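# Descriptive structure summary
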Amino acid sequence: MNKKASNCAICENSNRASICAACVNYRLSECNTLLKSLKSRRDALYMRLSEVLVAKGKADDQLNWRVLQNEKLTNLREKLRRSKEQLSQGKLKIEKSSYDLKVRYAILDSARSMMEKNRAEQLEKFYPNIICTQSLGHMAIVSELLHKQSVVIKQICKLFPQRRVNIDGERRDGSSGQYDQICGARLPKGLDPHSVPSEELAASLGYMVQLLNLVVLNLAVPILHNSGFAGSCSRIWQRDSYWDARPSSRSNEYPLFIPRQNYCSTSGENSWTDRSSSNFGVASMESERRPQLDSSRSTSFNYTSASTHSVETHKDLQKGISLLKKSVACLTAYCYNSLCLDVPAEASTFEAFAKLLATLSSSKEVRSVFSLKMACSRYICQP
């Protein structure tokens, strides 16, 4: 420390600022200046140290991240290597299994071909007469069954005669053209229930339901829809399942007649499937005889002027006629295919069904269909 010249002899001799106020203040100012310079230096060094520490921390973080990523990459490479080894081992096992299966299949095919050859030789050697006898017996039984079926179908056709009629001109009820007829009652044209009078419509559809049920019962053939014969109040429905012949709900039960609005049950308490119901969905089987309509009767249904009840009845009746025609068409196609015959192309649904029954009622035609099969069986039985 540089010594400052002072007029104070005591302070100057002792070199201590302890007596004179000016000397004391001077020395305090020097100390304050020195402390400020040291503090600024300390702050500068602290800032540099903080920057160095932050940089070192970032470098350490980067180094740790790199070490961690390198460890992960090492683990992934090891896992990839093990997966490749397992994949190669699995491929080798699959190839080996495939080869073993091919060998086994080849052995099985060879054994099966040998067994079939031996079976054919054994049958040709020891059992030709038995096979031919059984085949001929089976064909004889089938022929007798077809003959009995033709007799039954002929009786059914006599009970329910069908024919195609052509009405020239126009009747009093407004009908004209070609109609399918059963038991003297005309069947509706297409899906129009008003193409024939209501009494004739209910009677003809009831006859067709009974005829269809009898044919299905005697021919033991499947039927698409179930139907219940109740005269002029018959109904048809889609069965709930293969095991349950009842409809899934009463709304899926469709009439094949035009119920009188005054007698219809709107509450749905009467149903064909209800055991307590004996009137088949209408309040009375008896109805007043209505006078025949004149020749100006319109065969089309007017949806705009009809009530809601009439519209629903009309749609349900159309749905019932559609289900009945589908059942008849499917039964006709099934029987024609079983007879190896073609369904008549230009014939209506009921006309094709009538031709089918005429074919089945003729034992000569049915036997002629199966004559080719019998000839083939005789040819096979020849040594």
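Okay, so let's go over this structure.

Definitions and cut-offs
- Residues numbered from 1 in each chain as written.
- Predicted model: local features only at pLDDT ≥ 70, side-chain atom pairs only at ≥ 80, totals over all residues.
- Heavy atoms only, no water.
- Helix = DSSP H or I, 4+ residues; strand = E, 2+ residues; numbered from the N terminus.
- Buried < 20%, exposed > 50% of the residue type's maximum accessible area, 1.4 Å probe, protein only.
- Areas by Shrake-Rupley, 256 points an atom, 1.4 Å probe, with all protein chains shown as cover.
- Salt bridge = Lys/Arg side-chain N within 4 Å of Asp/Glu carboxyl O.
- Core = buried A, V, L, I, M, F, W, Y, C linked by side-chain atoms within 4.5 Å.
- Polar contact = N/O pair within 3.5 Å; in protein donor to acceptor, adjacent residues only side chain to side chain.
- Expected span 1.5 Å × (residues − 1).
- Phe/Tyr/Trp six-rings, centres within 6.5 Å; stacked < 30°, edge-to-face > 60°.
- Lys NZ or Arg CZ within 6 Å of the ring centre and 35° of its normal.
- Pairing = 2+ DSSP bridges.
- Contact = heavy atoms within 4.5 Å.
- Axes fitted to C-alpha atoms, helices over the stretch in contact; angles between N-to-C directions.
- Patch = residues over 30% accessible without salt bridge, like charges linked within 9 Å, V, L, I, M, F, W, Y side chains within 5 Å.

With that settled, the discussion passes to the overall build of the chain. Check the secondary structure of the chain and you find seven helices and six strands. Looking at the chain as a whole, 26% of its 383 residues are labelled buried. In the structure as shown, the chain presents an accessible area of about 26,800 Å², 55% of it carried by carbon and sulfur atoms.

Looking now at the pattern of salt bridges. Counted according to the given criterion, the structure contains 11 salt bridges. Among the ionic pairs, Arg-42 bridges to Asp-43, the shortest N-O distance being 3.6 Å. The salt bridge involving Lys-355 is made with Glu-351; its shortest N-O contact spans 3.9 Å. In this pair, Lys-355 and Glu-351 are both assigned in helix H6 (residues 349-361), four residues apart and thus about one turn of the helix distant. Relative accessible area serves as the criterion here: at 39%, Lys-355 is assigned to the partly exposed category. Several salt bridges converge on common partners, so that one network encompasses Glu-78, Arg-81, Arg-82 and Glu-85.

Turning next to the nonpolar core. The biggest cluster of nonpolar side chains holds 36 residues, and the ones touching the most others in it are Met-208, Leu-211, Leu-324, Leu-331 and Phe-353. Elements that contribute at least two residues to this core include exactly helix H3 (128-159), strand E1 (162-167), strand E2 (177-182), helix H4 (198-219), helix H5 (308-338) and H6.

On to the side chain of Ser-195, then. Structurally, the position occupied by Ser-195 is in the loop between strand E3 (185-186) and H4. For Ser-195, a relative accessible area of 4% gives the class buried. Of note is the side chain of Ser-195, whose polar atom sits 3.0 Å from the backbone nitrogen of Lys-189. Among the polar contacts listed, one links the side chain of Ser-195 to the backbone oxygen of Asp-192, at a separation of 2.9 Å.

Turning to H6, a few remarks are in order. Under the 1.5 Å per step criterion, the end-to-end length of H6 is 18 Å for 13 residues, consistent within 8% with the ideal 18 Å. Regarding H6, the residues found buried are Phe-350, Ala-352, Phe-353, Leu-356, Leu-357, Thr-359, Leu-360 and Ser-361.

As enumerated under the stated definition, the model contains one aromatic pair in all. In this arrangement the basic side chain of Lys-189 is found over the ring face of Tyr-179, its NZ or CZ atom lying 4.6 Å from the centre.

Pairing is antiparallel in the open sheet, where three strands are placed in the order E1-E2-E3. Strands at the two margins of the open sheet, each flanked by one partner only, are E1 and E3. Two strands pair when backbone bridges link them, and E1 and E2 are joined in this way by six bridges, in the antiparallel orientation. Counterpart to Asn-166 in the pairing with E2 is Gln-178. Relative to E1, H6 is tilted by about 140°, and along the sheet it contacts E1 and E2.

Positive phi is not limited to glycine here, since Ala-220 has a value of about 55°. Within the fold, Ala-220 resides in the loop between H4 and strand E4 (226-228). Positioned with a positive phi, Cys-340 is a non-glycine residue whose angle comes to about 60°. Inspection of the secondary structure assignment puts Cys-340 in the loop between H5 and H6. Of the residues examined, Cys-340 reaches a relative accessible area of 58% and is grouped as exposed.

Our next topic: a nonpolar patch on the surface. Taken together, the side chains of Phe-126, Tyr-127, Ile-130 and Ile-131 make up a nonpolar region of the molecular surface, amounting to roughly 390 Å² of accessible area. Following the sequence through the fold, Ile-131 ends up in helix H3.

In the sheet, E2 pairs with E3 via two bridges, with the strands oriented antiparallel. If you follow Ile-182 over to E3, its bridge partner there is Ala-185. Count of turn residues in the E2/E3 antiparallel hairpin: two residues, of which Cys-183 carries a positive phi of about 55°.

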